[in-house]
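Each chain is listed here by its residues.
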Amino acid sequence: MPLNEEPSEITWPATHFVHVRKVGPFAETARAAWEELHRNLPTVIDTMGHPHAFFSLYQVYPENIYMAGVGVGVDAAPTAPAVLEYLHFEGGKYLQFTLTGPYDQLPTACGRVFALVKERGIAVDEDRLYIEHYANNPQSVPPEELITHICIPIA
């Protein structure tokens, strides 16, 4: 698994985020959330323009919450399709690990990232959301070249 185990510190910008929110184990909710988002993507494009980023936000504690969504250029609260939710995501400081390869490697990669964070005693800001940023398009890039940034919130 080609995971960069030496993270870089980044600042994720504040973002208008339109998403599908699911509660429960990520293995059961992530795919369903993405499928629902993609079914509604034409409406997002029609009402808010083309997304500038595809990413998920998630919470681990006290319960698993997964949000599959897109960054849009406008405050989407008044115009988001009814089946989607809007969040003005504040962003902030993160440690960014990078996985190069198919999305089916993400569960293993995330497990390794969480283990590295624990082993290294990195202070995680549990009050903020984790990010998985899908940096390129699986429709135009072979699976082995997909780039996913796994971002851990830090103080």
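To be clear, the structure that these remarks concern was listed above.
Caption draft 1: Representation of the sheet that holds strand E5 (residues 85–89). Pairing within the open sheet is antiparallel, and its 8 strands lie in the order E1-E6-E8-E7-E3-E4-E2-E5. At either end of the open sheet lies a strand with only one pairing partner, and these are strand E1 (3–12) and E5. Strand-to-strand twist across the sheet, computed as the mean angle between neighbouring axes with direction ignored, equals 30°. The pairing of strand E6 (residues 92–100) with strand E8 (residues 147–153) spans 7 bridges and is antiparallel.

Caption draft 2: Broad picture of the pattern of salt bridges. Going through the model one piece at a time under the given rule, you end up with 6 salt bridges. The salt bridge partner of Lys22 is Glu36, with a shortest N-O separation of 3.0 Å. Separated by 14 residues along the polypeptide, Lys22 in strand E2 (residues 15–23) and Glu36 in helix H1 (residues 26–48) bring together distant segments of the chain. Given the relative accessible area of 17%, Glu36 is considered buried.

Caption draft 3: Molecular detail of the packing of aromatic side chains. Under the defined criterion, the tally for this structure stands at 9 aromatic pairs. Aromatic side chains Tyr58 and Tyr66 sit 6.4 Å apart centroid to centroid with 15° between the ring planes, which places their arrangement in the stacked category. Judged by relative accessible area, Tyr58 falls into the buried class, the value being 3%. Among the aromatic residues, those joined into a cluster by ring pairs are Phe26, Tyr58, Tyr66, Phe114 and Tyr130. In this structure, Arg128 packs its charged tip against the face of Tyr94, placed 4.7 Å from the ring centre.

Caption draft 4: Examining the environment of Val113 more closely. Summarising the element assignment, Val113 is placed in helix H2 (residues 106–119). On the accessibility criterion, Val113 (0% relative accessible area) is buried. C-alpha of Val113 to C-alpha of Phe55: the two residues are 58 residues apart in sequence and 17 Å apart in space. The contacts of Val113, once residues within four sequence positions are left out, are Leu3, Phe97, Ile150 and Ile152.

Caption draft 5: Quick peek at the pairing of strand E3 (residues 53–59). Counting buried positions along E3 yields 5 of 7 residues, so the element is predominantly enclosed. Inspection of the sheet shows E3 paired to strand E4 (residues 65–72) by 7 bridges, in the antiparallel sense. Each bridged residue has a counterpart across the sheet, and for Phe54 the counterpart in E4 is Val70. As consecutive antiparallel partners, E3 and E4 are separated by 5 residues. Summarising the sheet, E3 and strand E7 (residues 130–134) pair through 5 bridges and their orientation is antiparallel. For Tyr58, the partnering residue across the bridge sits in E7 and is Tyr130.

Caption draft 6: Molecular detail of the nonpolar core. Counting residues in hydrophobic clusters, the biggest one holds 32 residues, and the most contacted among them are Val18, Val44, Tyr66, Phe97 and Ile150. Listed by contribution, the elements that provide at least two residues to this core are E2, H1, E4, E6, H2, E7 and E8. Among the nonpolar cores identified, the runner-up in size contains 13 residues, and Ala53, Met67, Ile131 and Cys151 belong to it.

Caption draft 7: Looking closely at the side chain of Glu132. Mapped onto the secondary structure, Glu132 falls in strand E7. For the buried Glu132, which has no salt bridge, the nearest side chain bearing the opposite charge is Arg31, at an N-O separation of 12 Å. At a separation of 2.7 Å, a polar atom in the side chain of Glu132 contacts the side chain of Tyr134. When residues no more than four places from it in sequence are discounted, the contact partners of Glu132 are Phe54, Phe55, Ser56, Tyr58, Tyr66, Leu106, Cys110, Thr148 and His149.

About the cut-offs
- Residues numbered from 1 in each chain as written.
- Predicted model: local features only at pLDDT ≥ 70, side-chain atom pairs only at ≥ 80, totals over all residues.
- Heavy atoms only, no water.
- Pairing = 2+ DSSP bridges.
- Helix = DSSP H or I, 4+ residues; strand = E, 2+ residues; numbered from the N terminus.
- Axes fitted to C-alpha atoms, helices over the stretch in contact; angles between N-to-C directions.
- Salt bridge = Lys/Arg side-chain N within 4 Å of Asp/Glu carboxyl O.
- Buried < 20%, exposed > 50% of the residue type's maximum accessible area, 1.4 Å probe, protein only.
- Phe/Tyr/Trp six-rings, centres within 6.5 Å; stacked < 30°, edge-to-face > 60°.
- Lys NZ or Arg CZ within 6 Å of the ring centre and 35° of its normal.
- Contact = heavy atoms within 4.5 Å.
- Core = buried A, V, L, I, M, F, W, Y, C linked by side-chain atoms within 4.5 Å.
- Lys, Arg positive; Asp, Glu negative; His and termini not counted.
- Polar contact = N/O pair within 3.5 Å; in protein donor to acceptor, adjacent residues only side chain to side chain.

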